[in-house]
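Architecture and fold: a report
Here's the letter readout for the chains.
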Amino acid sequence: KNTNICRRYSRRSTACMIQKKLESVKKIADTHVTRIQDALEHLKTTFPVTEHSVQKLAGQEFLYMKLLTNRFSKLQDHLGANVFDLFFLLNSENIDSMTMIDKLNKLEKLGIIEDVHIWHDMRTARNIIAHEYPDNPALIANTLNAIKTYCPILIAIKNALFKRMQSSNNVT
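Heads up: these notes are all about the structure in this document. Here the structure is a predicted model, which means the values were calculated and not measured. (Residues numbered from 1 in each chain as written. Predicted model: local features only at pLDDT ≥ 70, side-chain atom pairs only at ≥ 80, totals over all residues. Heavy atoms only, no water.)

Along the protein chain, the regular secondary structure elements total seven helices and zero strands. Taken over the C-alpha atoms alone, the protein chain extends approximately 60 × 30 × 20 Å along its principal axes. Taking all 172 residues of the protein chain together, 42% fall into the buried category. A separation threshold of at least 6 residues defines the contact pool for the protein chain, and within that pool the share at least 24 residues apart is 68%. Of the roughly 9800 Å² that the protein chain leaves accessible, carbon and sulfur atoms contribute 50%. (Helix = DSSP H or I, 4+ residues; strand = E, 2+ residues; numbered from the N terminus. Buried < 20%, exposed > 50% of the residue type's maximum accessible area, 1.4 Å probe, protein only. Contact = heavy atoms within 4.5 Å. Areas by Shrake-Rupley, 256 points an atom, 1.4 Å probe, with all protein chains shown as cover.)

The subject of this paragraph is the packing of aromatic side chains. Summed over all chains, the structure comprises two aromatic pairs. Measuring from centroid to centroid gives 5.2 Å for F84 and W119, while their planes differ by 50°, and the two rings are tilted. One end of the pair, F84, is in helix α4 (residues 59–90); the other, W119, is in helix α6 (residues 116–129), with 35 residues separating them in the sequence. Here F84 matches W119 in class, with each residue buried. Aromatic side chains F87 and F88 sit 5.5 Å apart centroid to centroid with 75° between the ring planes, which places their arrangement in the edge-to-face category. Grouping residues by exposure puts F87 and F88 together as buried. (Phe/Tyr/Trp six-rings, centres within 6.5 Å; stacked < 30°, edge-to-face > 60°.)

Where helix α5 (residues 100–109) contacts α6, the axes come no closer than 9 Å and their chain directions differ by 130°. On the basis of their axis angle, the class for α5 and α6 is oblique. Counting all contacts with α5, which are made through I101, L104, N105 and E108, the residues of α6 involved are V116, W119 and H120. Residue composition of the contact of α5 with α6, grouped by class: four nonpolar, two polar and one charged. (Axes fitted to C-alpha atoms, helices over the stretch in contact; angles between N-to-C directions. Parallel < 35°, antiparallel > 145°, perpendicular 65-115°, else oblique. Nonpolar A, V, L, I, M, F, W, Y, C, P; charged D, E, K, R; others polar.)

Time to look at the layout of surface pockets. Here the largest pocket defines a volume of roughly 340 Å³. For the lining of the largest pocket, the secondary structure elements donating two or more residues are α3 (51–55), α4 and α7 (137–169). If one sorts the elements of the lining of the largest pocket by residue count, α4 sits on top with four residues. For the lining of the largest pocket, the class distribution of residues is ten nonpolar, three polar and two charged. (1 Å grid on protein atoms, 1.4 Å probe; cavity = no way out; pocket = protein on both sides within 12 Å on 5 of 7 lines; lining within 4 Å. Points joined across faces, edges and corners; volume = space filled by probe spheres on them.)

A few words now on the packing of α4 against α6. For any two helices packed against each other, one specifies the inter-axial angle together with the distance between the axes. At a closest axis distance of 10 Å, the pairing of α4 and α6 adopts a crossing angle of 130°. Classified by the angle their axes make, α4 and α6 are oblique. By crossing handedness, the relation of α4 to α6 is classed as left-handed. Here T69, F72, S73, Q76, D77, L79, G80 and F84 of α4 come into contact with α6, specifically with W119, M122, R123, R126 and I129. Class assignment for the residues of the contact of α4 with α6 results in six nonpolar, four polar and three charged. (Left-handed = near helix turned anticlockwise from the far one by under 90°.)

This part covers the nonpolar core. For soluble globular proteins, nonpolar side chains are generally found buried alongside one another. L68, L79, F84, W119, L144, L161 and M165 are the most contacted members of the largest nonpolar core, which has 46 residues in total. At the level of secondary structure, the elements contributing two or more residues to this core comprise α2 (14–42), α4, α5, α6 and α7. The contacts of W119, once residues within four sequence positions are left out, are Q76, L79, G80, F84, L104, I113, L154 and I157. (Core = buried A, V, L, I, M, F, W, Y, C linked by side-chain atoms within 4.5 Å.)

Take the side chain of T69 next. With respect to the element layout, T69 can be found in helix α4. Taking relative accessible area as the criterion, T69 reaches 8% and is therefore assigned buried. Setting aside chain neighbours within four positions, we find T69 in contact with I129, L144 and I147.

Glancing now at the pattern of salt bridges. Opposite charge on two side chains permits them to pair, given that their charged atoms come into close proximity. Evaluation of the coordinates by the stated rule reveals seven salt bridges. The residue D85 makes a salt bridge to K103 at a minimum N-O spacing of 2.6 Å. Of this pair, D85 sits in helix α4 while K103 is found in helix α5, placing the two residues 18 residues apart along the sequence. For D85, a relative accessible area of 24% corresponds to the partly exposed category. Residue E93 is joined to K106 by a salt bridge in which the shortest nitrogen-to-oxygen separation is 3.2 Å. Note that E93 is positioned in the loop between α4 and α5 and K106 in helix α5, a separation of 13 residues in sequence. Within this structure, K26, D30 and K158 form a network of salt bridges that share partners. (Salt bridge = Lys/Arg side-chain N within 4 Å of Asp/Glu carboxyl O.)

This is the structure in C-alpha cells:
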C-alpha cells in the first residue's frame, strides 16, 4: 500500500486519516464486489429466474442467491453511506446541506453515475429483496433478474468513484 502521505505527515494528520479511511472503505467495497462476482459465477446457469424456478431454489443455488442479494444490498448501502461522502470530501465539496438526491445528481454530472434513475431503480430492487414476498414469486423473480442486471452497473459506479479518488490522492 502507498503510505507516502502518512510518512510525510504525522499519524494524527488529516491527510493520513483520510488515506486510511479511503483504504478501509475501498477494502470493504472490494470484498462486496468479490462476493457478488463469486455468486454470479455460481449462478450463471440459474439466470434468468422465472416465477416457477424461484420457488424451487434450494441448496447451493439458494445460498448463492442470498449471497448475491445480500452483497448487492451491502455494496449499494456502503457506497451511499460512506463512499459518496468521502468522495465529496476529497473533492472539497461541502456536503453539509446536500441530500442524497443532491449527491446523486452531482455524481451524475461528474459522470460517475450514468443515470440517477438507475440508482433509484437499484434501490427499489434492494428494498424489495430485503422483504419476504412468499405470495408473489413473480415479483421476486423479476427483482432477482434486475439485480443481476444491476450488478455490473453498481460495480462500475464503485470503480469510477475509487479511480477518481485514488488518482487525486495517490492511493493504491
